[in-house]
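Per-entry structural report
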Amino acid sequence: MTEATPTSVARRPFLGRIGEVPHVGLVAALVLLAIVGLATRPENFATSSNLVSILALASTIGVITVGMTFVIIGGGIDLSVGAVMALSSVWATTLATQSYGPVVMILCAVLVGTGAGLVNGFLISYGRMVPFIATLAMLVAARGLAQRMSGQRTQLVQQANTAIVELSTTRVLGLPLLVYVFALVVALGWILLNRTTFGRRTYAVGGNPEAARLAGIDVRRHTMLLYGLSGLCCGIAAVLIMARTTTGSSTHGDLYELDAIAAVIIGGTLLSGGRGTIIGSILGLLIFTVITNLFILNGLNTSDQLIAKGLIIVVAVLMQRRGALTGT
Amino acid sequence: MPASPPDTAPLLTMRGIVKRFPGVRALDGVDLEVRAGEVHCLLGQNGAGKSTLIKILAGAHQPDEGEVLLDGEPVRLATPTAAMRQGIATIYQELDLVDGLSVAENILLGHERASFGFTRRGESNRIAADLLRRLGHGEIPPGTEVGRLPPAAKQIVSMARALSHDARLIVMDEPSAALAHDEVANLFRIIREITAQGVAVVYISHRLEEIREIGDRITVLKDGRTVAVGLPATTPTGRVVSLMTGRDVEYVFPPRPAPSGERPEVLRVEGLTVPGVFSDVSFSVRAGEIVGLAGLVGSGRSEILEAVYGARRASGRVLLDGRAVPPGRTAVSVRLGMGLAPEERKAQALLLDQSVTRNITLAGLGRYARAGWMDRRREAAEAARLVEALDIRPPDPRRPVKTLSGGNQQKAVLARWLVEPRRLLLLDEPTRGVDVGARAELYAVVRRLADEGVAVLLVSSEVPEVLGLADRVLVVREGRIVHEAPAVELDEHRVLDLVMVSTNEESHVD
């Protein structure tokens, strides 16, 4: 599922490489990690329960990563994702919201996330703030608001609303529903990015905002929508984390922004915008999640796990850079 | 007038300099000879090769052929640092100062006075103050942040930086462009002082009266070649202009149709003003008419184009087919039927990494979409059709646009505005960096569009292009339209006169 690979790859090896090598490298890395898993923990790694838990773990950040991919291809960055997800989960689990039932809770989470995203977008597009700063402010403020609303207590999803929790407990074909939600978001994101005018404009706005503006694209409005989209993803992620943990809490999603950004970058998306793929981001995220899983299975220190992740970011970017250099 | 320097051996000699860029020969055999203590003026139209030549002197470009001699010794100016070490300092038009650093820090940038990595602030300030005093500007405090200084003072700081390198040769690229009249007088005083100390100055300016005042000798460049070396600065204006304009390059323009009676007015501009850039600009363009704006870089012509397009906020009115165009909203302008091919193709028009197809369809995405969903087959078919119609080579719409030559990139930008028929096309330097053959093709495309009824507004630094392609010419100088005439009634000489010679000729500096 790479995008529009030209048919005449042989004649233009360069294009072919740009479209494929990052993904080939990422898939190879995943396979390698799986081999390591099988070698070190043959009895635990390949079990269905372990694979399911990897996917369930990846789902929450995965949904956020889809939104982040859009924002970064569009030339921005969103540091507020973890905090916005936490705020959405808290807002959706207040006693008042819970009294309306699970549908309203989901709606609430999604609306709060989208709203926060649009505020980011408005500050960046029309307030001309630097994305890094606007979303950093949102990170701090959203977490603060989440703490205030919850009184820093963890809010349980009530008995009456366990329908939400069923997203993680109900299984179809062996996989919990939330994995399907994740897959759906990825599919819709891929379609939006590769098959619609919105996606095309996203690449244009990130690749050359001045050219996009002079070609008659409303760059500001589009930028605002990109952050709104990222916020929407945070709202969906909030529903997933409520399902997984049965709680809403101001501490949810701590440092998710770093994992999401790292996944996007490992996936080959340029931080300067204009280039990138959803599939790459998701592969990047799976690599991260599998590593976490391997460290847990092998009973290794979480500090070593962080070191390994840091190294992976560096290696991935160095490899992509080399590809880009030899390509031109 | 400064005293004529003695007829000594030249300080700098450049012989047979050739510099090629992909698709263009920017310099094609340039000679230059500069003596110690003289002000040597470099003249030539835009694109004649002045900038390339001074970049070679500054060590920013390497010549492909030819030699550079300093004091009779061949030198290789491999890097800007190497050029500086040889005593060549360059002051660019856009002053390359760091706004956030102090005056002294800027002057000593790259050769800071320091011990163990710690800058010696007192000593740096003292050196800077000395240099500024030498330039007659002891009043500029060395500790001030450069960003807070007015343009004239920044110029002085740049000059002090050049002197701090013990420069023997200072290249100044249009130093007077950003200065007011009395500041120019001061600049000239400083130039006289430093040349009296034996430093040579290579001075670039479009203002002929300035050259007459400060220059000793003139070298004229045309189409990348030297056409006159070391003329006395007293050479009559007429002679200089004809040296600059007599050209070897043959322009092939499509025939103009006979002006056909009453065609509807497409564009009307009334009292368009951006304070400090241009003011009270009014004109109109009819359907099928090509109107050219002639003027120097910085005269406001590109800005006028951007304001008409709504890409730059301006007061006044822009009407397209009688409907007001709102300022600052390019999306509306495009919807109303305008299209702009901007001046900087790569920076302002193209998505370089993306395919020719995606670049062509960028402004008309909605045309291939239903409820936002792209019909990629139709998109590809239409892009392929346009690639064929404009003969974009290589004829492969999937190729990244950055792999195309300048002329073909420009065709891709034009193709963008052929996706949906336009009412008005704004073309800013449409043939910059485009080779001669492709130019003729572009001219033909533009004329064909006009024949189909599109109104065209053209900006070009190349006077022959404006005269050859446009039906009517507006001459812009210092933000005002100073002359308007049918192209057939003008010649290059006349336009250059209008464009270059300042209206206040009499306001000489004492």
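Residues numbered from 1 in each chain as written. Chains lettered and ligands numbered in written order. Predicted model: local features only at pLDDT ≥ 70, side-chain atom pairs only at ≥ 80, totals over all residues.

Focus: the overall build of chain A
Within chain A, the secondary structure is distributed over 14 helices and 4 strands. Expected size for 328 residues packed as a compact globule is a radius of gyration near 20 Å; at 20 Å, chain A falls within 12% of this value. Dimensions of chain A, computed from the C-alpha atoms along their principal axes, are close to 60 × 55 × 35 Å. Taking as baseline every contact in chain A between residues at least 6 positions apart, the subset at least 24 positions apart corresponds to 77%. (Helix = DSSP H or I, 4+ residues; strand = E, 2+ residues; numbered from the N terminus. Rg over C-alpha atoms; globule rule 2.2 N^0.38 Å. Contact = placed C-beta atoms within 7 Å.)

Quick look at the overall build of chain B
Scanning chain B from terminus to terminus reveals 17 helices and 24 strands. In terms of C-alpha radius of gyration, chain B reaches 25 Å, essentially the compact-globule figure of 24 Å for 510 residues. Along the three orthogonal principal directions, the C-alpha set of chain B runs to about 70 × 55 × 45 Å. With 510 residues in all, chain B has 48% of them scored as buried. For chain B, the share of sequence-separated contacts (at least 6 apart) that also reach a separation of at least 24 residues comes to 68%. (Buried ≥ 20, exposed ≤ 12 C-beta atoms within 10 Å, placed from the backbone.)

Section: helix α9 (residues 197–207) of chain A
Most of α9 of chain A sits inside the fold, with 10 of its 11 residues counted as buried. When α9 of chain A is considered as a whole, its buried residues turn out to be Thr197, Gly199, Arg200, Arg201, Thr202, Tyr203, Ala204, Val205, Gly206 and Gly207 of chain A. Looking at the buried side of α9 of chain A, the elements it contacts are α2 (48–73), α8 (177–195), α10 (209–214) and α11 (219–245) of chain A together with β19 (369–370) and β20 (373–374) of chain B.

Looking at the nonpolar core
With 244 residues, the main nonpolar core has Ile64 of chain A together with Val456, Leu457 and Leu458 of chain B as its most contacted residues. Of all the elements, α11 of chain A adds the most residues to this core, at 17 residues. For this core, the domains that each give at least three residues are domain 1 (12–245) and domain 2 (265–350 + 422–500) of chain B. In this structure, Leu457 of chain B is in contact with Leu267, Val285, Val291, Leu293, Leu305, Val308, Leu424 and Leu426 of chain B, ignoring residues within four places of it in sequence. (Core = buried A, V, L, I, M, F, W, Y, C linked by C-beta atoms within 7 Å. Domains from an automatic or database assignment.)

Focus: the sheet that holds strand β14 (residues 278–286) of chain B
Residue and element names in this part refer to chain B. Across the sheet, 4 strands lie side by side as β14-β13-β16-β17; this open sheet has antiparallel pairing. With partners counted over all chains shown, the strands left at the sheet margins are β14 and β17 (323–324), one partner each. Note: strand β13 (residues 265–274) against β14, 6 bridges, orientation antiparallel. Across the sheet, Arg268 pairs through a bridge with Ser284, a residue of β14. Strand contacts of helix α9 (residues 301–309): β13, β14 and β16 (315–320), with the helix running at about 115 degrees to β13, the strand carrying the most contacts. (Pairing = 2+ DSSP bridges. Axes fitted to C-alpha atoms, helices over the stretch in contact; angles between N-to-C directions.)

Focus: the pairing of β13 of chain B
All names here are of chain B. From the end of β13 to the start of β14, which pair antiparallel, there are 3 residues, and Gly276 there has a positive phi angle of about 85 degrees. By the bridge criterion, 5 bridges tie β13 to β16 in an arrangement that is antiparallel. Looking at β16, one finds that Arg268 is bridged to Leu319.

Focus: the interface of chain A and chain B
With 21 residues of chain A in contact, the opposing surface of chain B contributes 24 residues. Residue assignment for the side of chain A that touches chain B shows that the elements contributing at least two residues are α9 and α10 of chain A. It is α9 of chain A that provides the largest number of residues to the side of chain A that touches chain B, a total of 7 residues. In terms of residue class, the side of chain A that touches chain B is made up of 8 nonpolar, 6 polar and 7 charged. (Nonpolar A, V, L, I, M, F, W, Y, C, P; charged D, E, K, R; others polar.)

With respect to the environment of Val499 of chain B
All names here are of chain B. As for its position among the elements, Val499 is in helix α17 (residues 492–500). Through-space distance from the C-alpha of Val499 to that of His483 is 9.5 Å; in sequence the pair is 16 residues apart. When sequence neighbours within four positions are dropped, the list of residues in contact with Val499 reads Ala294, Gly295, Leu296, Val475 and Arg477.

Brief notes about helix α4 (residues 121–134) of chain B
Residues and elements named next belong to chain B. End to end, α4 covers 20 Å across 14 residues, agreeing with the expected 20 Å (1.5 Å per residue, within 8%). For α4, every residue scored as buried is listed here: Ser124, Asn125, Ala128, Ala129, Leu131 and Leu132. For α4, the angular spread of buried residues about the axis comes to 165 degrees, placing them on one side. Considering only its buried residues, α4 is in contact with α3 (103–107), β8 (118–119) and α5 (151–164). Phi turns positive one or two residues past the end of α4, at Gly136, with a value near 75 degrees. (Expected span 1.5 Å × (residues − 1). Arc of directions from axis to C-beta.)

A closer look at the packing of helix α3 (residues 81–92) of chain A against helix α6 (residues 131–150) of chain A
Residue and element names in this part refer to chain A. Running from N to C, α3 and α6 cross one another at 20 degrees; their axes reach a closest spacing of 8 Å. Our classification of the angle between α3 and α6 gives roughly parallel. In the crossing of α3 with α6, the sense of the turn from one axis to the other is left-handed. Between α3 and α6, the residues in contact are Ala83, Val84, Ala86, Leu87, Val90 and Trp91 and Met138, Leu139, Ala142, Arg143, Leu145, Ala146, Met149 and Ser150, respectively. Here the residues of the contact of α3 with α6 are counted per class, giving 12 nonpolar, 1 polar and 1 charged. (Parallel < 35°, antiparallel > 145°, perpendicular 65-115°, else oblique. Left-handed = near helix turned anticlockwise from the far one by under 90°.)

Observations regarding the packing of helix α12 (residues 256–266) of chain A against helix α13 (residues 278–297) of chain A
Residue and element names in this part refer to chain A. With their axes 7 Å apart at the nearest point, α12 and α13 run at an angle of 120 degrees to one another. The angle between the axes of α12 and α13 places the two elements in the oblique class. Pair α12 / α13 crosses with right-handed handedness. Contacts from Asp259, Ala262, Ala263, Val264 and Ile266 of α12 reach α13 at Ser281, Gly284, Leu285, Ile287 and Phe288. The residue inventory of the contact of α12 with α13, partitioned by class, reads 7 nonpolar, 2 polar and 1 charged.

Considerations on the UniProt feature "transmembrane region" (unreviewed entry) in chain A
All names here are of chain A. Under the UniProt annotation, the feature "transmembrane region" (unreviewed entry) is placed at residues 21–39, 51–73, 103–123, 129–146, 172–193, 224–243 and 278–300. Structurally, residues 51–73 comprises 100% helix and 0% strand, and the distance from its first C-alpha atom to its last is 30 Å. Secondary structure content for residues 172–193 is 77% helix and 14% strand, and the end C-alpha separation is 28 Å. (UniProt positions renumbered as here; feature names shortened; annotations may be inferred.)

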